[in-house]
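These are the residues of each chain, in order.
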Amino acid sequence: QVLIQGSGFQAEGAGSVLVIIGGAPAAQVNVISDATLSAVTPAGIVGVRDVEVSTDNGEAVLDNGFRYMPAPQITLVRAGSPLVAPAEGPMSGDTLVTIQGQQLAPFQATDVRVYIGAVEAEVVSQATNLLQVLSPASNDDGPVDVRVENDFGTDEAEGAFRYLPRVLYAADGRGVNGSIYTLDP
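Remember, predicted model here, so these are calculated numbers, not experimental data.

Calculation rules
- Residues numbered from 1 in each chain as written.
- Predicted model: local features only at pLDDT ≥ 70, side-chain atom pairs only at ≥ 80, totals over all residues.
- Heavy atoms only, no water.
- Pairing = 2+ DSSP bridges.
- Helix = DSSP H or I, 4+ residues; strand = E, 2+ residues; numbered from the N terminus.
- Contact = heavy atoms within 4.5 Å.
- Axes fitted to C-alpha atoms, helices over the stretch in contact; angles between N-to-C directions.
- Core = buried A, V, L, I, M, F, W, Y, C linked by side-chain atoms within 4.5 Å.
- Buried < 20%, exposed > 50% of the residue type's maximum accessible area, 1.4 Å probe, protein only.

Chemist: Looking at this structure, I do not really get the sheet that holds strand β3 (residues 24-25). What am I missing?
Modeler: Either a parallel or an antiparallel arrangement is found when strands of a sheet pair, and the pairing is made through backbone hydrogen bonds. Spatial ordering of the open sheet is given by β3-β2-β6-β7, a layout of 4 strands whose pairing is antiparallel. Both edges of this open sheet fall to β3 and β7 (58-68), since each of them pairs with a single strand only. Across 4 bridges, strand β2 (residues 18-21) lies against strand β6 (residues 47-55) in antiparallel orientation. Within β6, the residue paired with I20 across the bridge is E52.

This is the structure in structure tokens:
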């Protein structure tokens, strides 16, 4: 959603207001006051686009008035290290996970969300190309997808994080196969 400042949006004879961004009509145009309106931007390709506002009284164009930003992109491999590190953790959660990529949290993004599996993770630290989150708890072991969402889009890495199974213990404190394991709380 964008706010557009101007004048005459409610002037006599203005009629309906049409907003065009990059040649495509914006949706849900809402005249807030004579000097302000809001609209939902149409889909567009990365880059700078003109903004046009039209009423029955005339038209105004702001050249290069809106910039479409690239969607987040999780890097598949970077210098031999995985996109998500560590790539596994206990089902109890609270593993500090680092996610590498591009446009994960650019300075213009106000809402960055990360999901490990279907559950939102707590974002601890964010930068344009690096996020750190705490993994949420899981009821199931095995691989899950990691998804990053911000104001500009979504990217998902399939099976990028694996919840380790809880280990069952025999009465003598040894694992069910006789090995000794560290207990996951």
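Chemist: Would you take a moment to explain the environment of T95 for this structure?
Modeler: Locating T95 in the fold gives a position in the loop between β12 (88-90) and β13 (96-102). A sequence separation of 39 residues divides T95 from L134, and the C-alpha atoms of the two residues are 5.3 Å apart. When sequence neighbours within four positions are dropped, the list of residues in contact with T95 reads P86, E88, G89, P90, V133, L134 and S135.

Chemist: Please clarify how the sheet that holds strand β1 (residues 2-5) should be interpreted in this entry.
Modeler: Reading across the sheet, the 3 strands line up as β1-β5-β4 and stay open at both edges, with antiparallel pairing between neighbours. The open sheet has two edge strands, β1 and β4 (27-31), and neither has a second partner. Each neighbouring strand pair of the sheet contributes to a mean axis angle of 20 degrees, computed without reference to strand direction. Note that β1 and strand β5 (residues 36-40) share 4 bridges and pair antiparallel. Across the sheet, residue V2 finds its bridge partner in β5, namely A39.

Chemist: Help me out: how do you make sense of the nonpolar core in this one?
Modeler: In a soluble, globular protein the nonpolar side chains are often hidden away together inside. By size, the foremost hydrophobic cluster in this structure holds 20 residues, and its most contacted members are V84, I99, V114, I116, L131, V146 and F161. Looking at this core, the elements that each hand over two or more residues are β13, β14 (113-116), β16 (130-134), β17 (142-150) and β18 (153-164). Ranked by the residues each element gives to this core, the list is headed by β18, at 4 residues. Residues in contact with L131, not counting those within four places in the same chain, are V97, T98, I99, L104, A105, V112, V114, S125, Q126 and V148. Core analysis: the second largest hydrophobic core is formed by 13 residues, I4, V17, L37 and V51 among them.

Geometric values such as these leave the question of function open.
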